[in-house]
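# Residue-level structure breakdown
So the chains spell out like this:
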Amino acid sequence: MQKITPFLWFDSQAEEAAKFYVSVFKHSKMGGVSRYGDGMPLPKGTVMTAAFEIEGQSFVALNGGPQFKFTAAVSFVVNCDTQKELDEM
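This write-up is about the structure you can find in this document. Every value quoted in this text rests on a predicted model; they were computed, and no experiment measured them.

## Notes on the nonpolar core
Ranked by size, the top nonpolar core spans 11 residues in total: Leu-8, Phe-10, Ala-14, Ala-17, Ala-18, Val-22, Ala-50, Phe-52, Ile-54, Phe-59 and Ala-61. Contributing elements (two or more residues each) for this core: β1 (4-10), α1 (14-24), β3 (47-54) and β4 (57-63). When near neighbours in sequence (up to four residues on either side) are disregarded, Ala-50 contacts Ala-14, Glu-15, Ala-18, Met-30, Gly-32, Val-33, Phe-59, Val-60 and Ala-61.

Okay, structure coming up:
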């Protein structure tokens, strides 16, 4: 498992962006796509995240909705297997 995964924030274009990046870079591929469900911030069925990989590096494109417009900013998710591992960071 990759330790740190960059998340790229979008309003509603996460899946399109992930497909674009995969089309531009060699040695890249799409991963899973998750969708918003009932009672969530965006309409049911709307893409929430689109995972993709470039040269072995995993990324996730995230649709945050109109309150989170696309910017040059990026956030990181640190993947931990246990609470102890997280506490020791």
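## Points about the sheet that holds strand β2 (residues 28-35)
The strand order across the open sheet built from five strands is β2-β3-β4-β1-β5, with neighbouring strands paired in mixed fashion. The open sheet has two free edges, formed respectively by β2 and β5 (75-78), since each of these has just one partner strand. Going across the sheet, the axis of each strand differs from the next one's by a mean of 25°, ignoring polarity. In this structure, β3 lies alongside β4, joined through six bridges in antiparallel fashion. Note that in β4 the partner of Ala-51 across the bridge is Val-60.

## Remarks on the packing of aromatic side chains
By the definition in use, this model includes three aromatic pairs. When the ring of Phe-52 is compared with that of Phe-59, the centres are 5.3 Å apart and the planes differ by 15°; the resulting orientation is stacked. In textbook terms, an aromatic cluster arises when at least three aromatic residues are bridged by ring pairs, as seen for Phe-20, Tyr-21, Phe-52 and Phe-59.

## What to know about the pattern of salt bridges
The tally for this structure, following the rule as stated, stands at three salt bridges. The partner of Lys-19 in a salt bridge is Glu-15, with the nearest N and O atoms 3.7 Å apart. Of this pair, Lys-19 and Glu-15 both sit in helix α1, four residues apart, roughly one helical turn. Owing to a relative accessible area of 47%, Lys-19 belongs among the partly exposed residues under this scheme. The exposure class of Glu-15 is buried, given its relative accessible area of 18%. Across the salt bridge formed by Lys-44 and Asp-38, the nearest N and O atoms sit 3.6 Å from each other. Of the two residues, Lys-44 and Asp-38, both sit in the exposed class.

## Considerations on the side chain of Asn-63
Mapping Asn-63 onto the fold places it in strand β4. Under the relative-accessibility criterion, Asn-63 is labelled buried at 2%. A polar contact of 3.1 Å, which involves the side chain of Asn-63, links it to the backbone nitrogen of Gln-13. A polar side-chain atom of Asn-63 sits 2.9 Å from the main-chain carbonyl oxygen of Val-47. Ignoring sequence-local partners within four residues, the contact set of Asn-63 consists of Phe-10, Asp-11, Ser-12, Gln-13, Ala-14, Tyr-36, Leu-42, Val-47 and Met-48.

Calculation rules
- Residues numbered from 1 in each chain as written.
- Predicted model: local features only at pLDDT ≥ 70, side-chain atom pairs only at ≥ 80, totals over all residues.
- Heavy atoms only, no water.
- Core = buried A, V, L, I, M, F, W, Y, C linked by side-chain atoms within 4.5 Å.
- Buried < 20%, exposed > 50% of the residue type's maximum accessible area, 1.4 Å probe, protein only.
- Helix = DSSP H or I, 4+ residues; strand = E, 2+ residues; numbered from the N terminus.
- Contact = heavy atoms within 4.5 Å.
- Pairing = 2+ DSSP bridges.
- Axes fitted to C-alpha atoms, helices over the stretch in contact; angles between N-to-C directions.
- Phe/Tyr/Trp six-rings, centres within 6.5 Å; stacked < 30°, edge-to-face > 60°.
- Salt bridge = Lys/Arg side-chain N within 4 Å of Asp/Glu carboxyl O.
- Polar contact = N/O pair within 3.5 Å; in protein donor to acceptor, adjacent residues only side chain to side chain.

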